[in-house]
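# Analysis of the macromolecular model
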Amino acid sequence: QVQLVESGGGLVQAGGSLRLPCAVSGTIFTFYTMGWYRQAPGKQRELVASITSGGSTNYPGSVKDRFTISRDNAKKTVYLQMNSLKPEDTAIYYCRIDRTNNWGQGTQVTVSS
């Protein structure tokens, strides 16, 4: 079975950094587009960043130039490097195999001011 496990979340002050890994098991991984999403309290889940199997990245929202998505196919892991964090980045962060319903359980990121 497919399993995605996010980690690396926690409490950080504004301006700080976190790196979130998402480890994938139970599937080949290599050919999938992967996405990082987040959901703040009372908000809908939104796409933060995605990366294709070929390494093309997309940052549809306001995180461009602050966040970086990357992947390590050998480790079957996708990463979200978050710099210059702001309180509005506070959310549960999830990874997903795009175009599927395969989600991780999420990891909490809390940014204090």
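Residues numbered from 1 in each chain as written. Predicted model: local features only at pLDDT ≥ 70, side-chain atom pairs only at ≥ 80, totals over all residues. Heavy atoms only, no water.

Our focus in this paragraph is the pattern of salt bridges. If the charged atoms of two oppositely charged side chains come close together, the side chains can form a pair. Here the structure, examined in full by the defined rule, presents 5 salt bridges. Residue lysine 75 is joined to aspartate 72 by a salt bridge in which the shortest nitrogen-to-oxygen separation is 3.4 Å. Between arginine 96 and aspartate 98 there is a salt bridge, with its nearest N and O atoms 3.7 Å apart. On the basis of relative accessibility, which here comes to 15%, the residue aspartate 98 falls in the buried class. Via salt bridges that share partners, Arg38, Glu46, Arg66 and Asp89 belong to a single interconnected network. (Salt bridge = Lys/Arg side-chain N within 4 Å of Asp/Glu carboxyl O. Buried < 20%, exposed > 50% of the residue type's maximum accessible area, 1.4 Å probe, protein only.)

A few words on the pairing of strand β5 (residues 46-51). Across a regular strand the side chains alternate sides, sitting on one face of the sheet and then on the other. By the bridge criterion, 5 bridges tie strand β4 (residues 34-39) to β5 in an arrangement that is antiparallel. Bridging from a neighbouring strand, methionine 34 pairs with isoleucine 51 of β5. Here β4 folds back onto β5 in antiparallel fashion, the turn holding 6 residues, of which glycine 42 has a positive phi close to 75°. Of the pairings in the sheet, the one linking β5 to strand β6 (residues 57-58) comprises 2 bridges and is antiparallel in character. Residue pairing across strands places isoleucine 51 opposite threonine 57, the latter belonging to β6. Where β5 folds back onto β6 in an antiparallel hairpin, the turn is made up of 5 residues, including glycine 55, whose phi is positive at roughly 95°. (Pairing = 2+ DSSP bridges. Helix = DSSP H or I, 4+ residues; strand = E, 2+ residues; numbered from the N terminus.)

The next subject is the nonpolar core. Counting residues in hydrophobic clusters, the biggest one holds 26 residues, and the most contacted among them are Met34, Trp36, Phe67, Ile69, Leu80, Met82 and Tyr93. Of all elements in the fold, only β3 (18-25), β4, β5, β7 (67-72), β8 (77-82), β9 (91-97) and β11 (107-112) reach the threshold of two or more residues within this core. In this structure methionine 82 touches Gly16, Ser17, Leu18, Leu20, Arg66, Phe67, Tyr93 and Val109, once residues within four positions along its chain are discounted. (Core = buried A, V, L, I, M, F, W, Y, C linked by side-chain atoms within 4.5 Å. Contact = heavy atoms within 4.5 Å.)

For any pair of aromatic rings, the description rests on two quantities: the centre-to-centre distance and the angle between the ring planes. Inspection of the entire model under this criterion finds 2 aromatic pairs. Ring plane angle 90° and centroid distance 6.3 Å describe the contact between tyrosine 94 and tryptophan 103, whose orientation is recorded as edge-to-face. With relative accessibility at 11%, the residue tyrosine 94 sits in the buried group. Ring-pair connections join several aromatic residues into one group, and the members of that group are Tyr37, Tyr94 and Trp103. Sitting over the face of the ring of tryptophan 103, arginine 45 holds its NZ or CZ atom 4.5 Å from the ring centroid. (Phe/Tyr/Trp six-rings, centres within 6.5 Å; stacked < 30°, edge-to-face > 60°. Lys NZ or Arg CZ within 6 Å of the ring centre and 35° of its normal.)

What follows concerns the state of the cysteines. Scanning the model with the defined rule gives 1 disulfide in all. Paired by a disulfide, cysteine 22 and cysteine 95 hold their sulfur atoms 1.8 Å apart. On the sign convention where negative means left-handed, the S-S torsion of about 55° between cysteine 22 and cysteine 95 marks this disulfide as right-handed. Here cysteine 95 lies in strand β9 and cysteine 22 lies in strand β3, a separation of 73 residues in the sequence. (Disulfide = S-S within 2.5 Å.)

Attention now moves to the sheet that holds strand β1 (residues 3-6). One open sheet holds the 4 strands; their spatial order is β1-β3-β8-β7, and the pairing between them is antiparallel. At either end of the open sheet lies a strand with only one pairing partner, and these are β1 and β7. Along the sheet, successive strands turn relative to each other by an average axial angle of 15°, direction set aside. Pairing analysis gives 6 bridges linking β3 to β8, with the strands arranged antiparallel. Directly across from leucine 18, in β8, lies its bridge partner methionine 82. (Axes fitted to C-alpha atoms, helices over the stretch in contact; angles between N-to-C directions.)

The values are spatial; any link to function lies outside them.
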